[in-house]
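What the coordinates show
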Amino acid sequence: DGLAVELIYENGVLAAGSTRGDGVTGEDVTRNIRTIKAVPLSLRSDEAPVPSYLSVRGEVYMRAEDFRRLNAERGKRGEPLFANPRNAAAGSLRQLDPQITAGRPLEIYFYALGELKPCAVKSQREFLAALQKWGLKVNPLIRTCDSIDEVIAYHSDMLKGREALPYDIDGIVIKVDSFAQQRQLGMISRSPRWALAYKFQAREAVTVVKDIIVQVGRTGVLTPVAVMEPVEVGGVVVERATLHNQDEIENKDVRIGDT
């Protein structure tokens, strides 16, 4: 659960990096991407020849342990805390000063093809194998399944094991392996027909509403906020929740003292 980025390698050398943004336009984070130790500045060529052009998509993330350590350090310095590891990773990558990014414990996994010249791979699994030969990190938990029953079993295995992972995940992504079949299936608007997010159920925890306060926004908008007994949800301690939907508040009859 991190920030999606796209990197471009020209003749094996890192040339540019951007956030994925809306899928068409992102932010230029080339200088910051270069500071992430897990991102090679040059592709390896000892196991496979490097392509003349590679556009590859990845996910920048932060381990839960590193996130807690970073927030503890920020707390000691009186700096505002990050809400969760994803926000911490996104905020770190968008820094104006690359030296600040370099000091943050960022990691990356690569997972998808943007463009490849020359293209000698015919499937997702072949592409991921090529990435590893070029020195780009691929998640070791990726699995190739031969039936939908295997996919469902894999989803169940990941759900059971998610708490033991050093980073947060909220589900899996199912992809058609063959690139030829991907092209046949095509896209709907900006989403592919050949990929599907299979989410886990949202994490839940129980706490008590201690108070309800009203925040005043910059434009004068009033927003009720529940102040709660601190509770840990997915490795993050939550103490406040916005009660922005009045219909839902009235439907659930949210009041001070409620569980």
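Computed from a prediction, not measured in an experiment: that's the story for all the values here. (Residues numbered from 1 in each chain as written. Predicted model: local features only at pLDDT ≥ 70, side-chain atom pairs only at ≥ 80, totals over all residues. Heavy atoms only, no water.)

The number of helices and strands found in the chain is 8 helices and 11 strands. Dimensions of the chain along its principal axes, counting C-alpha atoms only, are 65 × 45 × 35 Å. Scored against the burial criterion, the 259 residues of the chain give a buried share of 34%. Across the chain, contacts joining residues at least 24 apart in sequence account for 59% of those joining residues at least 6 apart. Of the roughly 15,800 Å² that the chain leaves accessible, carbon and sulfur atoms contribute 51%. Positive and negative side-chain charges of the chain, numbering 34 and 35 respectively, have mean locations separated by a distance of 5 Å. (Helix = DSSP H or I, 4+ residues; strand = E, 2+ residues; numbered from the N terminus. Buried < 20%, exposed > 50% of the residue type's maximum accessible area, 1.4 Å probe, protein only. Contact = heavy atoms within 4.5 Å. Areas by Shrake-Rupley, 256 points an atom, 1.4 Å probe, with all protein chains shown as cover. Lys, Arg positive; Asp, Glu negative; His and termini not counted. Charge placed at Lys NZ, Arg CZ, Asp CG, Glu CD.)

Our next topic: the sheet that holds strand S10 (residues 222-233). Strand order across the open sheet formed by 3 strands is S9-S10-S11, with antiparallel pairing between neighbours. Edge positions in the sheet fall to strand S9 (209-216) and strand S11 (236-242), since each of these pairs with one other strand and no more. Taken over all neighbouring pairs, the strand axes of this sheet differ in orientation by 30° on average, direction set aside. Judged from the 6 bridges that link them, S10 and S11 form a sheet pairing that is antiparallel. Looking at S11, one finds that Val227 is bridged to Arg240. (Pairing = 2+ DSSP bridges. Axes fitted to C-alpha atoms, helices over the stretch in contact; angles between N-to-C directions.)

With that settled, the discussion passes to helix H5 (residues 124-133). Within H5, burial applies to Gln124, Phe127, Leu128, Ala130 and Leu131. Relative to the axis of H5, the buried residues are bounded by an arc of 160° and lie together on one face. Where H5 is buried, its residues touch strand S3 (53-61), strand S4 (107-117), strand S5 (171-175) and helix H7 (179-185). The positive-phi residue at the C-terminal boundary of H5 is Gly135, with phi of around 90°. (Arc of directions from axis to C-beta.)

In this fold, Ala205 is placed in the loop between strand S8 (195-199) and S9. Overall, Ala205 belongs to the partly exposed group, its relative accessible area being 40%. Each C-alpha atom, one on Ala205 and one on Val238, is 9.9 Å from the other, the two residues being 33 residues apart in sequence. Not counting chain neighbours up to four residues away, the residues in contact with Ala205 comprise Val231, Glu232 and Val233.

A separate point is the layout of surface pockets. Roughly 460 Å³ of internal volume is contained in the second largest pocket. Surrounding the second largest pocket, 16 residues form its lining, Val209, Met228, Leu243, Lys252 and Val254 being those nearest its centre. When residues of the lining of the second largest pocket are traced back to their parent elements, those giving at least two are S10, S11 and helix H8 (246-252). With 3 residues, H8 is the largest single contributor of residues to the lining of the second largest pocket. Looking at side-chain class alone, the lining of the second largest pocket contains 8 nonpolar, 5 polar and 3 charged residues. (1 Å grid on protein atoms, 1.4 Å probe; cavity = no way out; pocket = protein on both sides within 12 Å on 5 of 7 lines; lining within 4 Å. Points joined across faces, edges and corners; volume = space filled by probe spheres on them. Nonpolar A, V, L, I, M, F, W, Y, C, P; charged D, E, K, R; others polar.)

When we look at a pair of aromatic rings, we describe it by the centre distance and by the angle of the planes. What the rule picks out here adds up to 3 aromatic pairs. Between Tyr61 and Tyr167 the ring centres are 5.3 Å apart and the planes differ by 65°, which places this aromatic pair in the edge-to-face class. Highlighted residues: Tyr61 in strand S3 and Tyr167 in the loop between helix H6 (148-161) and S5, separated in sequence by 106 residues. Note on accessibility: Tyr61 and Tyr167 belong to one class, buried. Residue classification places Tyr167 among the buried residues on the basis of a relative accessible area of 11%. (Phe/Tyr/Trp six-rings, centres within 6.5 Å; stacked < 30°, edge-to-face > 60°.)

Take the sheet that holds S3 next. Overall, antiparallel pairing links the 4 strands, which are arranged S2-S1-S3-S4 in an open sheet. Edge positions in the sheet fall to strand S2 (13-19) and S4, since each of these pairs with one other strand and no more. Strand-to-strand twist of the sheet, defined as the mean angle between neighbouring strand axes without regard to direction, takes the value 25°. Packing of helix H3 (residues 85-93) onto the sheet brings it into contact with strand S1 (3-10) and S3, and relative to S1 it is tilted by some 40°. Running over the sheet, H5 touches S3 and S4 and is turned about 115° from S4.

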